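One letter stands for each residue in the lines below.
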Amino acid sequence: MKIPQFFWLILALPGIAMLAGFVGDPVTAFDLIHPSGEFSVRLMIVAMMISPLRAVLGRRGWLDWLLARRRALGVAACGYGLLHLGFYLYDMGSWRQIVEEAVIFSIWTGYAAILIFVAMALTSNNASQRALRRNWKRLQRLVYLAALLIALHWVYVDGEWKAMAMHFVPLLLLETARLVLMFKRRSARRDTPATTH
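Residues numbered from 1 in each chain as written. Predicted model: local features only at pLDDT ≥ 70, side-chain atom pairs only at ≥ 80, totals over all residues. Heavy atoms only, no water.

Here we look at helix α6 (residues 105–122)
Then comes step 1: Here α6 contains 18 residues, and its C-alpha end-to-end distance of 26 Å stays within 8% of the 26 Å for a straight helix at 1.5 Å per residue.
Then comes step 2: When we look at burial in α6, the residues that qualify are S106, I107, T109, G110, A113, I114, I116, F117 and M120.
Then comes step 3: Of the surrounding elements, those touching the buried residues of α6 are α2 (29–57), α4 (70–92), α5 (95–101), α8 (134–140) and α9 (143–158). (Helix = DSSP H or I, 4+ residues; strand = E, 2+ residues; numbered from the N terminus. Expected span 1.5 Å × (residues − 1). Buried < 20%, exposed > 50% of the residue type's maximum accessible area, 1.4 Å probe, protein only. Contact = heavy atoms within 4.5 Å.)

Shown next, in the form of structure tokens:
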């Protein structure tokens, strides 16, 4: 399904505003690191919540609408992640300092998550899906690893966990509910006696 240009524009508007602020006053790069990262996380979480919501709630028109735009949400999450990285690198101002910080746990977890985001965004198209076949789904499932890395990055950079938990706990609860439903359905199928003819 082709994503309407208006939807892409809506996804891009916060980033356009951030870039406009940065161009007007590059000193604001530090202040833009956190909001750009939060937009990336929120878009990723929305994209990840679609499947468990459908498992729990069943087919809904608004969920089908979101499902058709899930790839766009994922690509936008990657875009804001790169914007977050760009503001961070500019604010650091020194390649030596950037390299020195890259080995710190709170920093390399962010780099690792960005690499996963980029790999997923570059293959988020039908041509890559056909070329990679089964490996395409395996690659897309790396989003769970990216989510874990981002959660750790957030906690260790900010030094507190409440804001991170507010974003990730709803996703964790939904994924748990989906797993519980999946095991219940499998158990019900096993317990149902086979029909004889």
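The structure having been displayed, the exposition proceeds.
Some points on the nonpolar core
Then comes step 1: Residues M44, L73, F87 and F168 are the most contacted members of the largest nonpolar core, which totals 48 residues.
Then comes step 2: In terms of residues, this core owes the most to one element, α2, which gives 12 residues.
Then comes step 3: If sequence neighbours within four positions are ignored, L73 has contacts with F7, L11, L43, V46, A47, I50 and L66. (Core = buried A, V, L, I, M, F, W, Y, C linked by side-chain atoms within 4.5 Å.)

Here's the deal with the packing of aromatic side chains
Then comes step 1: Counted according to the given criterion, the structure contains 6 aromatic pairs.
Then comes step 2: Ring plane angle 90° and centroid distance 5.6 Å describe the contact between F7 and W65, whose orientation is recorded as edge-to-face. You can see F7 sitting in helix α1 (residues 5–24) and its partner W65 sitting in helix α3 (residues 61–68), a full 58 residues away along the chain.
Then comes step 3: Taken together, F22, F87 and Y90 form an aromatic cluster joined through their ring pairs.
Then comes step 4: Here the guanidinium or amino end of R69 rests over the ring plane of F7, the centre of that ring lying 5.7 Å away. (Phe/Tyr/Trp six-rings, centres within 6.5 Å; stacked < 30°, edge-to-face > 60°. Lys NZ or Arg CZ within 6 Å of the ring centre and 35° of its normal.)

Thoughts on the environment of R71
Then comes step 1: Here R71 shows up in helix α4.
Then comes step 2: In sequence terms R71 and A121 are 50 residues apart; their C-alpha atoms lie 8.2 Å from each other.
Then comes step 3: Sequence-distant contacts of R71, that is, excluding residues within four places in its chain, are made with S124, N125, N126, Q129 and W136.
Then comes step 4: Separated by 3.0 Å, the side chains of R71 and N126 make a polar contact.
Then comes step 5: Among the polar contacts listed, one links the side chain of R71 to the side chain of Q129, at a separation of 2.6 Å. (Polar contact = N/O pair within 3.5 Å; in protein donor to acceptor, adjacent residues only side chain to side chain.)

Points about the pattern of salt bridges
Then comes step 1: Inspection of every chain in the model, using the stated rule, returns 5 salt bridges.
Then comes step 2: One salt bridge connects E100 with R96, and the closest N-O pair in it is separated by 3.4 Å. Taken together, the positions of E100 and R96, both in helix α5 and 4 residues apart, correspond to about one turn of that helix.
Then comes step 3: E100 sits in the partly exposed class, given a relative accessible area of 46%.
Then comes step 4: Here R178 and E175 are joined by a salt bridge, their closest N and O atoms 2.9 Å apart. With R178 and E175 both in helix α10 (residues 162–191) and 3 residues apart, this pair spans about one turn of that helix.
Then comes step 5: Relative accessible area serves as the criterion here: at 13%, E175 is assigned to the buried category.
Then comes step 6: Taken together, the salt bridges that share partners define one network made up of R54, R59 and D64. (Salt bridge = Lys/Arg side-chain N within 4 Å of Asp/Glu carboxyl O.)

What about the layout of surface pockets?
Then comes step 1: In this model, the largest pocket occupies a volume close to 750 Å³.
Then comes step 2: Lining the largest pocket are 24 residues, and of these R70, M120, W136, Q140 and V143 lie nearest its centre.
Then comes step 3: Within the residue set of the lining of the largest pocket, elements represented by two or more residues are α2, α3, α4, α6, α8, α9 and α10.
Then comes step 4: Looking at the lining of the largest pocket, the element that brings in the most residues is α4, giving 5 residues.
Then comes step 5: A breakdown of the residues in the lining of the largest pocket according to their chemical character gives 13 nonpolar, 5 polar and 6 charged. (1 Å grid on protein atoms, 1.4 Å probe; cavity = no way out; pocket = protein on both sides within 12 Å on 5 of 7 lines; lining within 4 Å. Points joined across faces, edges and corners; volume = space filled by probe spheres on them. Nonpolar A, V, L, I, M, F, W, Y, C, P; charged D, E, K, R; others polar.)

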